[in-house]
Amino acid sequence: EKKTKTPRVKKEMPDGFEAATGGQKLIRRISDFVVSYGAFLAAFAGFIIFDINMAYPMIPALGLFIFNLWFMPGKAGGRTVGNWISRTRYVNVRGDPPIWIYIMVKGLTTIFVIISLSTIMVVSSKLSSGSPIAESTTGQVFTVIGLLMLIPPLIDYSMYKMRGDLGLWDTVFGGV
(Lines give C-alpha, C1' and ligand atoms only; values in the text may rest on other atoms or scores of the structure.)
Protein backbone atom coordinates (compact mmCIF):
# COMPACT_ATOMS: atom_id res chain seq x y z
CA GLU A 1 0.00 0.00 0.00
CA LYS A 2 1.49 3.30 -1.09
CA LYS A 3 1.71 6.17 1.34
CA THR A 4 0.23 9.44 0.27
CA LYS A 5 2.69 12.25 0.18
CA THR A 6 1.89 15.24 2.27
CA PRO A 7 2.34 18.46 0.36
CA ARG A 8 5.30 20.59 1.37
CA VAL A 9 4.43 23.84 3.00
CA LYS A 10 6.51 26.78 1.83
CA LYS A 11 8.46 28.33 4.68
CA GLU A 12 7.41 31.92 5.03
CA MET A 13 8.04 34.80 7.37
CA PRO A 14 5.96 34.42 10.55
CA ASP A 15 3.24 36.92 11.42
CA GLY A 16 4.44 40.10 13.08
CA PHE A 17 7.80 40.10 11.28
CA GLU A 18 8.92 41.68 8.04
CA ALA A 19 11.96 41.08 5.88
CA ALA A 20 14.96 43.34 6.39
CA THR A 21 15.53 46.02 3.78
CA GLY A 22 18.64 46.09 1.62
CA GLY A 23 20.10 48.94 3.67
CA GLN A 24 19.57 47.07 6.93
CA LYS A 25 21.25 43.98 5.51
CA LEU A 26 24.21 46.04 4.32
CA ILE A 27 24.60 47.78 7.70
CA ARG A 28 24.42 44.42 9.50
CA ARG A 29 27.04 42.86 7.24
CA ILE A 30 29.45 45.78 7.54
CA SER A 31 29.00 46.06 11.32
CA ASP A 32 29.49 42.34 11.87
CA PHE A 33 32.55 42.33 9.61
CA VAL A 34 34.13 45.27 11.45
CA VAL A 35 33.44 43.82 14.90
CA SER A 36 34.39 40.23 14.04
CA TYR A 37 37.34 40.76 11.71
CA GLY A 38 38.39 44.42 12.07
CA ALA A 39 40.85 43.80 14.90
CA PHE A 40 42.40 40.88 12.98
CA LEU A 41 42.89 43.11 9.95
CA ALA A 42 44.34 45.89 12.13
CA ALA A 43 46.81 43.45 13.71
CA PHE A 44 47.78 42.14 10.28
CA ALA A 45 48.24 45.68 8.96
CA GLY A 46 50.38 46.52 12.00
CA PHE A 47 52.49 43.48 11.28
CA ILE A 48 52.99 44.48 7.65
CA ILE A 49 53.49 48.23 8.15
CA PHE A 50 55.26 48.47 11.51
CA ASP A 51 56.72 44.94 11.79
CA ILE A 52 55.16 44.40 15.22
CA ASN A 53 54.51 41.07 16.89
CA MET A 54 51.04 39.85 15.95
CA ALA A 55 50.56 37.59 18.99
CA TYR A 56 49.46 40.27 21.45
CA PRO A 57 46.98 42.11 19.20
CA MET A 58 45.45 38.76 18.20
CA ILE A 59 44.24 38.08 21.75
CA PRO A 60 41.73 40.97 21.86
CA ALA A 61 40.88 40.31 18.20
CA LEU A 62 39.98 36.73 19.04
CA GLY A 63 38.00 38.02 22.04
CA LEU A 64 35.91 40.33 19.80
CA PHE A 65 35.36 37.50 17.32
CA ILE A 66 34.14 35.14 20.06
CA PHE A 67 32.01 37.91 21.61
CA ASN A 68 30.21 38.72 18.36
CA LEU A 69 29.73 35.22 16.98
CA TRP A 70 29.37 33.07 20.10
CA PHE A 71 28.59 35.04 23.26
CA MET A 72 26.24 37.66 21.81
CA PRO A 73 23.98 35.24 19.90
CA GLY A 74 23.84 32.90 22.87
CA LYS A 75 22.93 35.57 25.43
CA ALA A 76 21.10 38.19 23.35
CA GLY A 77 18.43 36.05 21.75
CA GLY A 78 20.20 35.19 18.51
CA ARG A 79 21.44 38.69 17.68
CA THR A 80 24.92 39.91 16.86
CA VAL A 81 26.29 43.44 17.18
CA GLY A 82 25.33 44.00 13.53
CA ASN A 83 21.76 42.95 14.31
CA TRP A 84 21.61 45.42 17.20
CA ILE A 85 22.93 48.27 15.06
CA SER A 86 20.64 47.52 12.11
CA ARG A 87 17.67 46.73 14.41
CA THR A 88 17.11 43.34 12.80
CA ARG A 89 17.02 39.77 14.04
CA TYR A 90 17.12 36.26 12.68
CA VAL A 91 13.92 34.26 13.22
CA ASN A 92 12.77 30.85 12.10
CA VAL A 93 9.35 30.07 10.64
CA ARG A 94 7.84 29.88 14.12
CA GLY A 95 9.17 33.33 15.10
CA ASP A 96 11.80 31.94 17.48
CA PRO A 97 15.46 32.99 17.38
CA PRO A 98 17.79 30.38 15.85
CA ILE A 99 20.36 28.49 17.86
CA TRP A 100 23.69 30.25 18.27
CA ILE A 101 25.49 27.70 16.08
CA TYR A 102 23.61 29.00 13.03
CA ILE A 103 24.94 32.54 13.55
CA MET A 104 28.46 31.29 14.25
CA VAL A 105 28.57 29.13 11.12
CA LYS A 106 27.09 31.96 9.06
CA GLY A 107 29.81 34.29 10.43
CA LEU A 108 32.54 31.77 9.64
CA THR A 109 31.77 32.00 5.93
CA THR A 110 33.97 35.10 5.69
CA ILE A 111 36.92 33.42 7.34
CA PHE A 112 36.45 30.37 5.08
CA VAL A 113 36.82 32.61 2.04
CA ILE A 114 39.81 34.53 3.45
CA ILE A 115 41.72 31.40 4.50
CA SER A 116 40.98 29.48 1.33
CA LEU A 117 41.94 32.30 -1.02
CA SER A 118 45.12 33.09 0.91
CA THR A 119 46.09 29.41 0.99
CA ILE A 120 45.52 29.01 -2.72
CA MET A 121 47.47 32.22 -3.50
CA VAL A 122 50.44 31.26 -1.31
CA VAL A 123 50.70 27.76 -2.72
CA SER A 124 50.27 28.96 -6.30
CA SER A 125 52.95 31.63 -5.82
CA LYS A 126 55.28 28.99 -4.41
CA LEU A 127 54.44 26.77 -7.36
CA SER A 128 55.33 29.46 -9.88
CA SER A 129 58.60 30.24 -8.10
CA GLY A 130 59.64 26.57 -8.09
CA SER A 131 59.63 26.28 -4.30
CA PRO A 132 59.86 22.73 -2.96
CA ILE A 133 56.85 23.27 -0.63
CA ALA A 134 54.47 23.51 -3.59
CA GLU A 135 55.52 20.07 -4.81
CA SER A 136 55.60 18.50 -1.35
CA THR A 137 52.77 16.66 0.34
CA THR A 138 52.30 19.58 2.73
CA GLY A 139 51.73 22.01 -0.13
CA GLN A 140 49.26 19.66 -1.76
CA VAL A 141 47.38 19.18 1.51
CA PHE A 142 47.12 22.95 2.04
CA THR A 143 45.87 23.41 -1.51
CA VAL A 144 43.17 20.78 -1.02
CA ILE A 145 42.14 22.29 2.34
CA GLY A 146 41.95 25.72 0.72
CA LEU A 147 39.76 24.42 -2.07
CA LEU A 148 37.51 22.50 0.34
CA MET A 149 37.02 25.58 2.52
CA LEU A 150 35.84 27.49 -0.54
CA ILE A 151 33.04 25.01 -1.31
CA PRO A 152 30.50 25.98 1.44
CA PRO A 153 30.59 29.73 0.65
CA LEU A 154 30.18 29.00 -3.07
CA ILE A 155 27.21 26.71 -2.41
CA ASP A 156 25.69 29.32 -0.08
CA TYR A 157 26.11 32.05 -2.70
CA SER A 158 24.67 29.93 -5.51
CA MET A 159 21.69 28.89 -3.39
CA TYR A 160 20.92 32.55 -2.61
CA LYS A 161 21.11 33.36 -6.31
CA MET A 162 18.87 30.45 -7.34
CA ARG A 163 16.32 30.57 -4.52
CA GLY A 164 16.49 34.20 -3.57
CA ASP A 165 15.64 33.84 0.11
CA LEU A 166 17.33 30.74 1.58
CA GLY A 167 21.01 29.94 1.37
CA LEU A 168 22.97 26.87 2.47
CA TRP A 169 23.02 27.62 6.18
CA ASP A 170 19.39 28.75 6.18
CA THR A 171 18.37 25.44 4.64
CA VAL A 172 20.56 23.33 6.92
CA PHE A 173 19.20 25.00 10.05
CA GLY A 174 15.55 24.75 9.04
CA GLY A 175 14.58 27.90 7.18
CA VAL A 176 15.89 30.60 9.47
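Residues numbered from 1 in each chain as written. Predicted model: local features only at pLDDT ≥ 70, side-chain atom pairs only at ≥ 80, totals over all residues. Heavy atoms only, no water.

**Re the packing of helix α1 (residues 22–50) against helix α2 (residues 55–75)**
Where α1 contacts α2, the axes come no closer than 8 Å and their chain directions differ by 170°. On the basis of the axis angle, α1 is roughly antiparallel to α2. Together, D32, V35, S36, Y37, A39, F40 and A43 of α1 and P57, M58, A61, L62, L64, F65, N68 and L69 of α2 make up the contact between the two elements. Classifying every residue of the contact of α1 with α2 by side-chain character gives 12 nonpolar, two polar and one charged. (Axes fitted to C-alpha atoms, helices over the stretch in contact; angles between N-to-C directions. Helix = DSSP H or I, 4+ residues; strand = E, 2+ residues; numbered from the N terminus. Parallel < 35°, antiparallel > 145°, perpendicular 65-115°, else oblique. Contact = heavy atoms within 4.5 Å. Nonpolar A, V, L, I, M, F, W, Y, C, P; charged D, E, K, R; others polar.)

**Digging into the confidence of the model for the chain**
Close reading of the predicted structure is inappropriate where its pLDDT is low. Confidence along the chain averages 83 in pLDDT terms, with 93% of residues attaining 70 or more. Mean pLDDT values for the elements of the chain range from 61 in helix α5 (residues 132–135) up to 91 in helix α3 (residues 81–86). (pLDDT = per-residue confidence, 0-100.)

**Considerations on the side chain of D156**
Following the sequence through the fold, D156 ends up in helix α6 (residues 137–163). The buried charged residue D156 lacks any salt bridge partner; its closest oppositely charged side chain belongs to K106, at an N-O distance of 5.0 Å. When residues no more than four places from it in sequence are discounted, the contact partners of D156 are G167, L168 and W169. (Buried < 20%, exposed > 50% of the residue type's maximum accessible area, 1.4 Å probe, protein only. Lys, Arg positive; Asp, Glu negative; His and termini not counted. Salt bridge = Lys/Arg side-chain N within 4 Å of Asp/Glu carboxyl O.)

**Notes on the environment of W84**
Position of W84 among the secondary structure elements: in helix α3. Along the chain, W84 and R28 lie 56 residues apart, while their C-alpha atoms are 8.3 Å from each other. If near-sequence neighbours (up to four positions away) are discounted, W84 is found in contact with M72, A76 and R79.

**Here we look at the packing of aromatic side chains**
Counting across every chain of the model gives seven aromatic pairs. Centre to centre, the rings of F40 and F65 are 6.2 Å apart; their planes meet at 70°, and the pair counts as edge-to-face. One end of the pair, F40, is in helix α1; the other, F65, is in helix α2, and 25 residues separate them in sequence. For F65, a relative accessible area of 9% translates into the label buried. Summarising the aromatic geometry, the rings of Y90 and Y102 are spaced 5.5 Å apart at their centres and angled 85° between planes, so their arrangement reads as edge-to-face. Remark: Y102 occurs in helix α4 (residues 100–129) and Y90 occurs in the loop between α3 and α4; sequence separation between them is 12 residues. In this structure an aromatic cluster arises from ring pairing among F33, Y37, F40 and F65. One Lys or Arg, R79, reaches over the ring of W84 and ends 4.2 Å from the middle of that ring. (Phe/Tyr/Trp six-rings, centres within 6.5 Å; stacked < 30°, edge-to-face > 60°. Lys NZ or Arg CZ within 6 Å of the ring centre and 35° of its normal.)

**Observations concerning the nonpolar core**
Counting seven residues, the largest nonpolar core is built from Y90, Y102, I103, V105, M159, L168 and W169. Per-element tally for this core: the top contributor is α4, with three residues. By size, the runner-up hydrophobic cluster in this structure holds five residues, among which are F40, A61, F65 and L69. (Core = buried A, V, L, I, M, F, W, Y, C linked by side-chain atoms within 4.5 Å.)

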